[in-house]
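Understanding the architecture of this molecule
Letter by letter, the chains look like this.
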Amino acid sequence: DNGYENGYTEKILDALKKEEVPATFFLTGHYLKSAAPLVQRMVKEGHGIGNHSYGHPNMANLSEERMEEEWKKFDELLYQTTGVERTVYTRPPEGIFNDDVLRKGNELGYRHIFWSVAFIDWHANKPRGRDYAYNELMNQLHPGALILMHTVSPDNAEALPDFIRDAKKSGYEFRSLDDLVLEYENVNSILR
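Not measured: the values here are computed from a predicted model.

**Observations regarding the overall build of the protein**
For the protein, the count of helices and strands is eight helices and four strands. The N-to-C order of helical and strand elements in the protein reads α-β-α-α-β-α-β-α-β-α-α-α. At 16 Å, the protein has a C-alpha radius of gyration in line with the 16 Å of a compact globule built from 192 residues. Across its three principal axes, the protein shows a C-alpha extent of roughly 45 × 45 × 30 Å. Counting all 192 residues of the protein, 42% fall into the buried class. Here the contacts in the protein between residues at least 6 apart in sequence split such that 69% fall between residues at least 24 apart. Approximately 10300 Å² of the protein is accessible, and the part contributed by carbon and sulfur atoms is 50%.

Here is the structure:
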């Protein structure tokens, strides 16, 4: 998740590139405006861009019209910034959602993505150290994990290279959301 730039995204992108790991960056409108060169680099290096809304509101408190406005306004600015037509994946700010958010997003062609690994890493002014982030990631790692990390954390930027290498040594591989969704759809079609 990238709500704003705090100086660590470049180091994160460097680690992902070196280790050949795809990521999806869930961005806000503010991030698109304030960190356009980093967003362009994300796209250039093959990472996905997810829609974290334009203004980071509580989507569950919005009318359907305002929900649509949040997602589409983000997509319009993303197109202006990178040439990417639109996003497919969305994550509601703070993970707050209701049936209306899910239904309206689905109607508009968005797939909601949540996580199975997370820890408190969004307090940019309260770093807990590289070991904290590394241990949280390794202790929660499991097959099929969807890892939520915030790029504002120096802890994450410091822990990411070792985490990726050690997870790979343990037999894990890193795949894109597109790969995960395709695999899910294939399994579901077999089960039907």
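**Remarks on helix 1 (residues 9-19)**
In an α-helix there are 3.6 residues to a turn, and that puts residues three or four apart on one side. Those residues of helix 1 that sit buried are Thr9, Ile12, Leu13, Ala15, Leu16 and Glu19. End-on view of helix 1: buried residues confined to an arc of 160 degrees, all on one side of the axis. Facing away from the buried side of helix 1, by more than 90 degrees, are the exposed residues Lys17 and Lys18. At the C-terminal side of helix 1, glutamate 20 shows a positive phi close to 55 degrees.

**Observations concerning the pattern of salt bridges**
Scanning all chains against the criterion turns up 20 salt bridges. Residue glutamate 68 is joined to lysine 72 by a salt bridge in which the shortest nitrogen-to-oxygen separation is 2.8 Å. In this pair, glutamate 68 and lysine 72 both sit in helix 4 (residues 64-82), four residues apart, roughly one turn of the helix. Residue classification places glutamate 68 among the partly exposed positions, given a relative accessible area of 23%. The partly exposed category is assigned to lysine 72, whose relative accessible area is 37%.

**Side note on the side chain of arginine 91**
With respect to the element layout, arginine 91 can be found in the loop between strand 3 (89-90) and helix 5 (99-107). Ignoring anything within four residues of it in the chain, the contact list for arginine 91 reads Asp1, Phe26, Asn51, His52, Ile113, Phe114, Trp115 and Leu148.

**Side note on the packing of aromatic side chains**
Taken as a whole, this structure holds five aromatic pairs when the rule is applied. A centroid spacing of 6.1 Å and a plane angle of 50 degrees characterise the contact between phenylalanine 114 and tryptophan 115, whose relative ring orientation is tilted. Phenylalanine 114 gets classed as partly exposed once you look at its relative accessible area, which sits at 25%. A relative accessible area of 32% places tryptophan 115 in the partly exposed class. Each ring, one from phenylalanine 163 and one from phenylalanine 174, has its centre 6.0 Å from the other, and the planes form 80 degrees; the classification is edge-to-face. Of this pair, phenylalanine 163 sits in helix 7 (residues 154-169) while phenylalanine 174 sits in the loop between helix 7 and helix 8 (177-191); the two residues are eleven residues apart in sequence, bridging distant segments of the chain.

**Some points on the environment of alanine 159**
The topology assignment puts alanine 159 in helix 7. The spacing of alanine 159 and leucine 102 is 57 residues in sequence and 33 Å in space, taken between C-alpha atoms. Non-local contacts of alanine 159, meaning those with residues more than four positions away in its chain, are made with Arg130, Ala133 and Tyr134.

About the thresholds
Residues numbered from 1 in each chain as written. Predicted model: local features only at pLDDT ≥ 70, side-chain atom pairs only at ≥ 80, totals over all residues. Heavy atoms only, no water. Helix = DSSP H or I, 4+ residues; strand = E, 2+ residues; numbered from the N terminus. Rg over C-alpha atoms; globule rule 2.2 N^0.38 Å. Buried < 20%, exposed > 50% of the residue type's maximum accessible area, 1.4 Å probe, protein only. Contact = heavy atoms within 4.5 Å. Areas by Shrake-Rupley, 256 points an atom, 1.4 Å probe, with all protein chains shown as cover. Arc of directions from axis to C-beta. Salt bridge = Lys/Arg side-chain N within 4 Å of Asp/Glu carboxyl O. Phe/Tyr/Trp six-rings, centres within 6.5 Å; stacked < 30°, edge-to-face > 60°.

By themselves, these figures tell us nothing about what the structure is for.
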